[in-house]
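Report on the structure
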Amino acid sequence: MKLSIVVPVYNEKNYVEEMLNRVQRLEFPPEWNLEKEVVVVDDFSTDGSREILKKFNNPVMILPNRPAFKVIFHDKNMGKGAALRTGFKHLTGDIVAIQDADLEYDPLDLIPMIKLILEDKADVVFGSRFYGNPHRVMYYHHYIGNRIISTLINMLYDTMLTDVETCYKVFRRKVLDRIELTCDDFGFEVEFTVKTAKTKLWRIYETGISYYGRTYNEGKKIGWKDGIKALWYAIKFRL
């Protein structure tokens, strides 16, 4: 089995190198016999992130027992969803994990998510920030917005997810063969969720994850307009 970790990047020069180093150091129990590759898609960063990423595109960076890096550069800014779709086209793994380029999520939390798939208990696993793991106390309006979006999706699609807007999603590669993803922006989170839930084909699980959130001054990008779009997407894809 092979794991493909897809990392969309946009203007994260202060964080991306440390995050990729953490992903590179991520180790699994030897009995899993799990290969690993990292597919990085730079969405036309303008802050110096691209220059940092070029180091990881160098074969010299591939160390023994460490993953190979594939780094793809967009020639224009297209959005997170578009960057992920590009990454999905270039991966070769059986299992896919999504990792943001900042330091808000800890790659160690991917391990129990992957385990559920390897044990053949799940096909799609969401990492929820609301199960009691360390969680930085941040913006109340983000919390309420996420709750509203998650509740609406649960009502429309008969699910019981607690954190639709989470970055951490781990799933079997074959899931991508059965759904068509179209959103270029942060709407990917809703689109992926509702299209996997709507088919009723996949065993969906959640696990608790930690969350080390950032302020807007520290580089956070998602805003209230993205929340409004998410509500619209939830209804649009239902119809």
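Above this text you will find the structure in question.
**What to know about the nonpolar core**
Among the nonpolar cores identified, the biggest contains 68 residues, and Leu20, Val40, Phe88, Ile114, Phe171, Val190 and Phe192 are the most heavily contacted of them. Once you skip the residues sitting within four places of it in the chain, Phe192 turns out to touch Val124, Phe126, Lys169, Phe171, Val175, Ile179 and Leu181.

**Description of the packing of helix H5 (residues 140–157) against helix H7 (residues 188–199)**
Contact geometry for H5 and H7: axes closest at 10 Å, N-to-C directions at 20°. In terms of orientation, H5 lies roughly parallel with respect to H7. Classified by chirality, the crossing of H7 by H5 is right-handed. Only Val190, Thr193, Val194, Ala197 and Lys198 of H7 make contact with H5, whose side of the interface consists of Ile149, Ile153 and Tyr157. In terms of residue class, the contact of H5 with H7 is made up of six nonpolar, one polar and one charged.

**Considerations on the pairing of strand S6 (residues 169–172)**
Burial along S6 is two-sided: Lys169 and Phe171 and Val170 and Arg172, pointing in opposite directions, are all buried. Where strand S4 (residues 95–98) meets S6, three bridges bridge the pair, whose relative direction is antiparallel. Note on S6: the bridge partner recorded for Ile95 is Arg172. As defined by bridge partners, strand S5 (residues 124–128) adjoins S6 across three bridges and the pair is classed as antiparallel. Counterpart to Phe126 in the pairing with S6 is Lys169.

About the criteria used
Residues numbered from 1 in each chain as written. Predicted model: local features only at pLDDT ≥ 70, side-chain atom pairs only at ≥ 80, totals over all residues. Heavy atoms only, no water. Core = buried A, V, L, I, M, F, W, Y, C linked by side-chain atoms within 4.5 Å. Buried < 20%, exposed > 50% of the residue type's maximum accessible area, 1.4 Å probe, protein only. Contact = heavy atoms within 4.5 Å. Axes fitted to C-alpha atoms, helices over the stretch in contact; angles between N-to-C directions. Helix = DSSP H or I, 4+ residues; strand = E, 2+ residues; numbered from the N terminus. Parallel < 35°, antiparallel > 145°, perpendicular 65-115°, else oblique. Left-handed = near helix turned anticlockwise from the far one by under 90°. Nonpolar A, V, L, I, M, F, W, Y, C, P; charged D, E, K, R; others polar. Pairing = 2+ DSSP bridges.

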